[in-house]
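Structural description and commentary
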Amino acid sequence: MVKAHRVVDHIVGYLAANGISHIFGVDGANIEDVYDAAYFRDDIAAVLAKHEFSAATMADGYSRSGAGIGVVAATSGGGCLNTVPGLAESLASRVPVLALIGQAPMTLDGRGAFQDTSGDNGSLDAHALFSAVSVYCRRILKPEDIRTALPDALAAARTGGPAVLLLPKNIQQAELVEAGTDDGSGNGRPGGNGSGGRQSDLAGLEQALRRADGTITIIAGEQVARDDARAELERLRATLRARVATVPDAKDVAGIPGFGSSSALGVAGVMGHPGVSIAAAQSAMCLLVGTRMTVTARTGLDDVLGKVATYSIGSQVPFPACTHAHSDDLRRSLTYLARALSGPGRPVQVRVPDLVPRTELRPPAHHGPGIRYRDAMSVLDAALTDGTDIVVDAGNVGASAIHYLPARRDGRFMVALGMGGMGYSFGAGIGMTFHRASDAATAGPARRTVVIAGDGSFFMHGMEIHTAVQYRLPITFVLFDNHAHAMCVTREQLFYEDRYSYNRFGPSRLGAGLAAMFPGLPAYDVTDVRQLSQALGMALDSDGPSVLSIECSADEIPPFAAFLATTDSAPSDTEENRSHVTARA
């Protein structure tokens, strides 16, 4: 039967038919019709965030958790502009996201309308702006255009990155005659679905692996998680008898129990483990899997990768020089390689590597007040169970978690290193938890998400904790309160002779404050490491959200190689962190 309904009804119905269960956003006059359309459906939920940046990171975290394409909706003007840094993170980290951006009615384009972003007559050009932070951007000018624009946007997002639809208010409300029931292709899940995607001829890489004379070191990246290719990576690693390391934002793809842990080297790069570069230097070949090897990931490895034969497989060519094989589907490609190199095809010159113990960076001892980062991470490590998802924010605390805290078996370890925006973890953890809670509705008890962030990140976007309270999500926020933007304090001390500090805050009691703000929220302050285990246990045992605030010190130097260049444990390749420091008398 042919019926008429609005463009927003078409959008929401199409998303639901493609397996998308949540839309994250902040309501407003020029996006409210999307919320109205979602209200009348049982198969998709519109979630109200407190800030559009966090709504964008909710969509990002939802996608990274394996749910499929994350969707963010924002109204015009400042609302949509607030999504830009979140979308920029998704672009840099190649996370599939769809942004539905409301605009003023077209009848007001270029006529001085409030929040006009049409680009007409001197107004802000939203198309130019969002094109810079997306893989696809289109302004819908006629209701019928949504029929092709929406599937095109989803297809573009699946290639890795945000797609943006600019939706004037009058277009959203326009009636659209629906004929037929075709809901498009796919179920909204990116990669790893056996559908293929563009692949290179892998024969050259297969031959190089077969000819390798010595040990092989694999460095695995975020595309392994995006394509859900963990098992396939481990099968290839075992076939090659290789050692494996990960980049910082892919800690959960290898080296955890069941995924090559006995051959795991840890994390590469500026927050990682020095043994990675030692092992790579001793190898006959390095294989980069699903990573571009940004500076953060390759600090200490540039010289090694320049001397050791280096190959790559993934959807993007890495920054270091290497021989690259393209793959949009690592599950398929790694399966092929493992089969080709098994049985009679097994490389005969590959040797089982000598054991290289996982090493740690050695920050100077700190004896001031507060709980040490290493001690706190040890307590977390002992308390967090298999299946726990961990989302880590930027700064000294983030570096410590990346370096010291292992990923959980069957859990994600998520960190945003594309743009590294402070406050990302609050929205991303909530978006991930919505997906996990949806899965739990049919698959058993809800798993818990743990967000690890500093007080600086909390003061930026921590009020999204209220969103977790509103929806009763199983999420624990572990806040490290050092009364500072501590990484900036460390830089002031190391690079500017500690003559001043702009980056220290007054004291706070985040646990007590949040408990008072949100009645019924379990929230605790911990100042002594002897209290930490019990308080953490109470927070993790809560039915819904909880908060644990840990007193620490802004003067403790974290495990971050750029800050440890004077010690023999740190890589010397720290130019990115020092080159912009102006020498002053």
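Note that this is a predicted model, so its numbers are computed, not measured.

Another aspect to go through is the overall build of the chain. Check the secondary structure of the chain and you find 24 helices and 20 strands. For a compact globule of 585 residues, the expected C-alpha radius of gyration is about 25 Å, and the chain comes in at 24 Å, within 12% of that figure. Once local pairs closer than 6 in sequence are excluded, the contacts in the chain between residues at least 24 apart make up 77%. Of the accessible surface of the chain, which amounts to about 22500 Å², a share of 52% is contributed by carbon and sulfur atoms.

Attention now moves to helix 3 (residues 52-67). Burial analysis of helix 3 places 15 of its 16 residues in the buried class, the great majority of the element. The first or second residue beyond helix 3 is Gly-68, which carries a positive phi of 125°.

Residue alternation in strand 10 (residues 243-246) divides its side chains into two sets, Arg-243 and Ala-245 and Val-244 and Thr-246, and both sets are buried. Sheet topology places strand 9 (residues 216-220) next to strand 10; four bridges connect them, and they run parallel. Bridge pairing in strand 10 links Ile-219 to Ala-245. Bridge count for strand 10 against strand 11 (residues 264-267) is three bridges, and the pairing is parallel. Residue pairing across strands places Thr-246 opposite Val-267, the latter belonging to strand 11.

For the coordinates displayed, the defined rule picks out 12 aromatic pairs. Between the aromatic rings of Phe-459 and Phe-505, the centroid separation amounts to 5.8 Å while the plane-to-plane angle is 70°, which identifies the pairing as edge-to-face. Of this pair, Phe-459 sits in helix 19 (residues 455-461) while Phe-505 sits in the loop between helix 21 (486-495) and helix 22 (510-517), and the two are 46 residues apart along the sequence. With relative accessibility at 43%, the residue Phe-459 sits in the partly exposed group. Phe-505 gets classed as partly exposed once you look at its relative accessible area, which sits at 27%. Joined through ring pairs, the aromatic side chains of Phe-426, Phe-458, Phe-459, Phe-477 and Phe-505 make up one cluster.

For the rest of this paragraph, the subject is the UniProt feature "domain: Thiamine pyrophosphate enzyme N-terminal TPP-binding" (unreviewed entry) in the chain. The positions UniProt marks with the feature "domain: Thiamine pyrophosphate enzyme N-terminal TPP-binding" (unreviewed entry) are residues 6-117. Counting secondary structure, residues 6-117 comes out at 43% helix and 20% strand; the distance between its end C-alpha atoms is 23 Å.

What follows concerns the UniProt feature "domain: Thiamine pyrophosphate enzyme central" (unreviewed entry) in the chain. Sequence positions flagged by UniProt for "domain: Thiamine pyrophosphate enzyme central" (unreviewed entry) are, in local numbering, residues 215-300. Annotation note: span residues 215-300, helix share 31%, strand share 21%, distance between end C-alpha atoms 20 Å.

Here strand 9 lies mainly inside the structure; five of its five residues are buried. The alternating pattern of strand 9 places Ile-216, Ile-218 and Ala-220 on one face and Thr-217 and Ile-219 on the opposite face, and all of these are buried.

The subject of this paragraph is the confidence of the model for the chain. As a general rule, the predicted coordinates of low-pLDDT regions are not to be interpreted in detail. The share of residues in the chain with pLDDT of 70 or more is 91%, and the mean pLDDT across the chain is 90. Predicted confidence is poor over residues 184-196, with pLDDT under 50, and the contacts of this stretch with residues over four places away or in other chains come to 28 contacts. Residue range residues 566-585 is modelled with pLDDT below 50. Its contacts to residues more than four positions away, or to other chains, number 33 contacts.

Scanning the model with the defined rule gives 26 salt bridges in all. The closest approach of N and O atoms between Arg-230 and Asp-228, which form a salt bridge, is 3.4 Å. Residue class for Arg-230 comes out buried when judged on its relative accessible area of 13%. Salt-bridge contacts for Arg-331 lead to Glu-232; the nearest nitrogen and oxygen are separated by 3.8 Å. Of this pair, Arg-331 sits in helix 15 (residues 330-340) while Glu-232 sits in helix 11 (residues 230-240), and the two are 99 residues apart along the sequence. When its relative accessible area of 31% is taken as the criterion, Arg-331 is described as partly exposed. For Glu-232, a relative accessible area of 11% corresponds to the buried category. Here the salt bridges share partners, and the residues they tie into one network are Arg-6, Asp-9, Glu-32, Asp-33, Asp-36 and Lys-169.

With that out of the way, let us pick up the sheet that holds strand 12 (residues 285-289). The strand order across the open sheet formed by six strands is 11-10-9-12-13-14, and the pairing between neighbours is parallel. Of all strands in the sheet, those with a lone pairing partner are strand 11 and strand 14 (323-326), marking the two edges. Across this sheet, the average inter-strand angle for adjacent strands is 20°, counted without regard to direction. Here strand 12 runs beside strand 13 (residues 309-314); their pairing, made up of five bridges, is parallel. What sits directly across from Leu-288, in strand 13, is Ser-312. Helix 15 rests against strand 12 and strand 13 of the sheet, and its axis sits at about 135° to strand 13.

The next point concerns the packing of helix 3 against helix 5 (residues 84-92). Where helix 3 meets helix 5, the closest approach of the two axes is 7 Å, and the angle between their N-to-C directions is 25°. Judged by the angle between their axes, helix 3 and helix 5 are roughly parallel. Seen from helix 3, the contacting residues are Phe-53, Ala-56, Asp-60 and Arg-64; seen from helix 5, they are Pro-85, Gly-86, Leu-87, Glu-89 and Ser-90. Split by residue class, the contact of helix 3 with helix 5 holds four nonpolar, two polar and three charged.

Our focus in this paragraph is the nonpolar core. Counting 52 residues, the largest nonpolar core has Phe-130, Ile-465, Phe-477 and Leu-479 as the members making the most contacts within it. Ranked by the residues each element gives to this core, the list is headed by helix 3, at seven residues. Apart from the residues within four sequence positions on either side, Phe-130 is in contact with Cys-80, Thr-83, Val-84, Leu-87, Ile-101, Cys-137, Val-164 and Leu-166.

Calculation notes
- Residues numbered from 1 in each chain as written.
- Predicted model: local features only at pLDDT ≥ 70, side-chain atom pairs only at ≥ 80, totals over all residues.
- Heavy atoms only, no water.
- Helix = DSSP H or I, 4+ residues; strand = E, 2+ residues; numbered from the N terminus.
- Rg over C-alpha atoms; globule rule 2.2 N^0.38 Å.
- Contact = heavy atoms within 4.5 Å.
- Areas by Shrake-Rupley, 256 points an atom, 1.4 Å probe, with all protein chains shown as cover.
- Buried < 20%, exposed > 50% of the residue type's maximum accessible area, 1.4 Å probe, protein only.
- Pairing = 2+ DSSP bridges.
- Phe/Tyr/Trp six-rings, centres within 6.5 Å; stacked < 30°, edge-to-face > 60°.
- UniProt positions renumbered as here; feature names shortened; annotations may be inferred.
- pLDDT = per-residue confidence, 0-100.
- Salt bridge = Lys/Arg side-chain N within 4 Å of Asp/Glu carboxyl O.
- Axes fitted to C-alpha atoms, helices over the stretch in contact; angles between N-to-C directions.
- Parallel < 35°, antiparallel > 145°, perpendicular 65-115°, else oblique.
- Nonpolar A, V, L, I, M, F, W, Y, C, P; charged D, E, K, R; others polar.
- Core = buried A, V, L, I, M, F, W, Y, C linked by side-chain atoms within 4.5 Å.

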